[in-house]
Amino acid sequence: MEITNVMEYEKIAKEKLPKMVYDYYASGAEDQWTLQENRNAFSRILFRPRILIDVSKIDVSTTVLGFNISMPIMVAPTAMQKMAHPDGELATARATSAAGTIMTLSSWATCSVEEVASTGPGIRFFQLYVYKDRNVVRQLVKRAEEAGFKAIALTVDTPRLGRRESDIKNRFALPRGLTLKNFEGLDLGKIDKTNDSGLASYVAGQVDQSLSWKDIKWLQSITSLPILVKGVITAEDARIAVEYGAAGIIVSNHGARQLDYVPATIMALEEVVKAVEGRLPVFLDGGVRRGTDVFKALALGASGVFVGRPSLFSLAADGEAGVRKMLQMLRDEFELTMALSGCRSLREISRNHIKTDWDFPHYFPAKL
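Residues numbered from 1 in each chain as written. Predicted model: local features only at pLDDT ≥ 70, side-chain atom pairs only at ≥ 80, totals over all residues. Heavy atoms only, no water.

With respect to the helices and strands, the residue Ser345 is situated in the loop between α13 (309–341) and β12 (354–356). Residue class for Ser345 comes out buried when judged on its relative accessible area of 9%. (Helix = DSSP H or I, 4+ residues; strand = E, 2+ residues; numbered from the N terminus. Buried < 20%, exposed > 50% of the residue type's maximum accessible area, 1.4 Å probe, protein only.)

This next bit is on the UniProt feature "active site" (unreviewed entry) in the protein. Residues annotated by UniProt as "active site" (unreviewed entry) correspond here to His254. Mapped onto the secondary structure, His254 falls in the loop between β9 (248–251) and α11 (265–276). Residues in contact with His254, not counting those within four places in the same chain, are Tyr129, Thr155, Asp157, Thr158 and Arg164. At 2.9 Å, the side chain of His254 and the side chain of Asp157 are in polar contact. (UniProt positions renumbered as here; feature names shortened; annotations may be inferred. Contact = heavy atoms within 4.5 Å. Polar contact = N/O pair within 3.5 Å; in protein donor to acceptor, adjacent residues only side chain to side chain.)

As a further point, take the side chain of Asp260. Structurally, Asp260 can be placed in the loop between β9 and α11. As a buried residue without a salt bridge, Asp260 has its nearest oppositely charged side chain in Arg163, at a separation of 10 Å. Only 3.0 Å separates the side chain of Asp260 from the backbone nitrogen of Asp31, close enough to count as a polar contact. A distance of 3.0 Å separates the side chain of Asp260 from the backbone nitrogen of Gln32, its partner in a polar contact. Among all residues touching Asp260, those that are not within four sequence positions of it are Ala29, Glu30, Asp31, Gln32, Trp33 and Thr34. (Lys, Arg positive; Asp, Glu negative; His and termini not counted. Salt bridge = Lys/Arg side-chain N within 4 Å of Asp/Glu carboxyl O.)

This next bit is on the packing of helix α4 (residues 88–98) against α13. Relative orientation of the contacting elements α4 and α13 amounts to 15 degrees, with a least axis distance of 8 Å. Relative to α13, the element α4 is oriented roughly parallel. Here α4 runs over α13; the crossing is right-handed. Packed against α4, whose contacting residues are Gly88, Ala91, Thr92, Arg94, Ala95, Thr96 and Ala98, the element α13 presents Leu315, Gly319, Glu320, Val323, Arg324 and Leu327 at the interface. (Axes fitted to C-alpha atoms, helices over the stretch in contact; angles between N-to-C directions. Parallel < 35°, antiparallel > 145°, perpendicular 65-115°, else oblique. Left-handed = near helix turned anticlockwise from the far one by under 90°.)

Now for the confidence of the model for the protein. As a general rule, the predicted coordinates of low-pLDDT regions are not to be interpreted in detail. The share of residues in the protein with pLDDT of 70 or more is 93%, and the mean pLDDT across the chain is 93. Note that residues 190–198 has pLDDT below 50 and, in this model, eleven contacts with residues that lie over four places away or in other chains. (pLDDT = per-residue confidence, 0-100.)

In this section: the pairing of strand β8 (residues 227–232). Most of β8 sits inside the fold, with six of its six residues counted as buried. Looking at chain direction, strand β7 (residues 151–155) and β8 are connected through four bridges and run parallel. Along β8, the bridge assignment pairs Ala153 with Leu228. The sheet contact formed by β8 and β9 spans four bridges and is parallel. Bridge pairing in β9 links Lys230 to Ile250. Considered for its hand, the β-α-β crossover made up of β8, helix α10 (residues 235–243) and β9 is right-handed. (Pairing = 2+ DSSP bridges. Right-handed = clockwise from strand over helix to strand, strands pointing away.)

Attention shifts here to the environment of Ser252. Topologically, Ser252 is positioned in the loop between β9 and α11. Judged by relative accessible area, which is 1%, Ser252 ranks as buried. Once the C-alpha coordinates of Ser252 and Phe283 are considered, the two residues, 31 residues apart in sequence, prove to be 8.6 Å apart. Those residues in contact with Ser252, other than ones at most four positions away along the chain, are Asp157, Lys230, Gly231, Val232, Ile233, Thr265 and Asp285. Within the structure, Ser252 has its side chain in polar contact with the backbone nitrogen of His254 (distance 3.0 Å).

Moving on, we come to unusual backbone geometry. Positioned with a positive phi, Gln32 is a non-glycine residue whose angle comes to about 65 degrees. Here Gln32 is to be found in the loop between α2 (19–26) and α3 (33–40). Relative accessible area serves as the criterion here: at 25%, Gln32 is assigned to the partly exposed category. One non-glycine residue with positive phi stands out, namely Tyr261, at about 65 degrees. Assignment of secondary structure puts Tyr261 in the loop between β9 and α11.

Now for the pattern of salt bridges. For the structure shown, the criterion picks out 18 salt bridges. Asp208 is the partner of Arg134 in a salt bridge, and the nearest nitrogen-oxygen pair spans 2.7 Å. Of this pair, Arg134 sits in helix α6 (residues 134–146) while Asp208 sits in the loop between α8 (196–205) and α9 (214–222), and the two are 74 residues apart along the sequence. Judged by relative accessible area, which is 10%, Asp208 ranks as buried.

In structure tokens form, the structure reads like this:
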């Protein structure tokens, strides 16, 4: 079958993957309302395209934290990618590097920071949870720095794991033979290492529920890497993130896997952008499946987007080639959207290029 859009990878992944693995990747928290809303909300933003503009040359390149990348589409951190494909995070790293963009490696990866670095050059960020044992955090950050990673994406919306009922029903466990590679070789104190899933359950249980804003300052004291705060969806928290010296914000609801009935990230984005008043870049993750979604996010003030599940599903479908094609399709669709909207560079994308259901409610059918 000729793949013509990113959504088609999910159908292939569902057929190829064991149910437990597919459900782990695909499902959200509780009623999964936010999971659906992350997608549905994009459909309530319409375009106001400008015409008769010379779009024979279009530049989709940009910079993130001073790094030049080919497009404002980056790869979000997703855990345990070897469940999707034997090459796991290594395939994603190679594909992302080939696309000239940024990969964020999950700290719960099935390949280590050193293994990912060994795939060759590329701009990579490291996603971090803060653990009760700060020595573990120090070790992880130090290894990421030494492996050439360029920023820390600190996940702040996970003091406890959300209730993902598919995982409860499936009794989710890391498949035999796989392990969380970034924790191998760390001083973890006493832990039952006799089975492969022992480490995974231990690590999840070690996330520090007392994490607070003061820990941002502590993290800044142990690393020179810029820190992106991932999981902000309110203006209040955005303003505090600025005060605490965050290098950037990722508007994220954790792929709708944490608290259900929070807004779609695209709905929360503008509130956060307005609150930071241009003092730091704001990125979006959640629900991006089309180049049109990327354009809408940038029109609402995002500096770029991160894609998570599309990376996993394309990886499951066709390994490194799948991830490469997924990124290329998003790039091509985004460039086409720019051309048809009359934009030749990212600087020309503005709020005037879209209308939303909160701007013009009469354009949209009444919601239940």
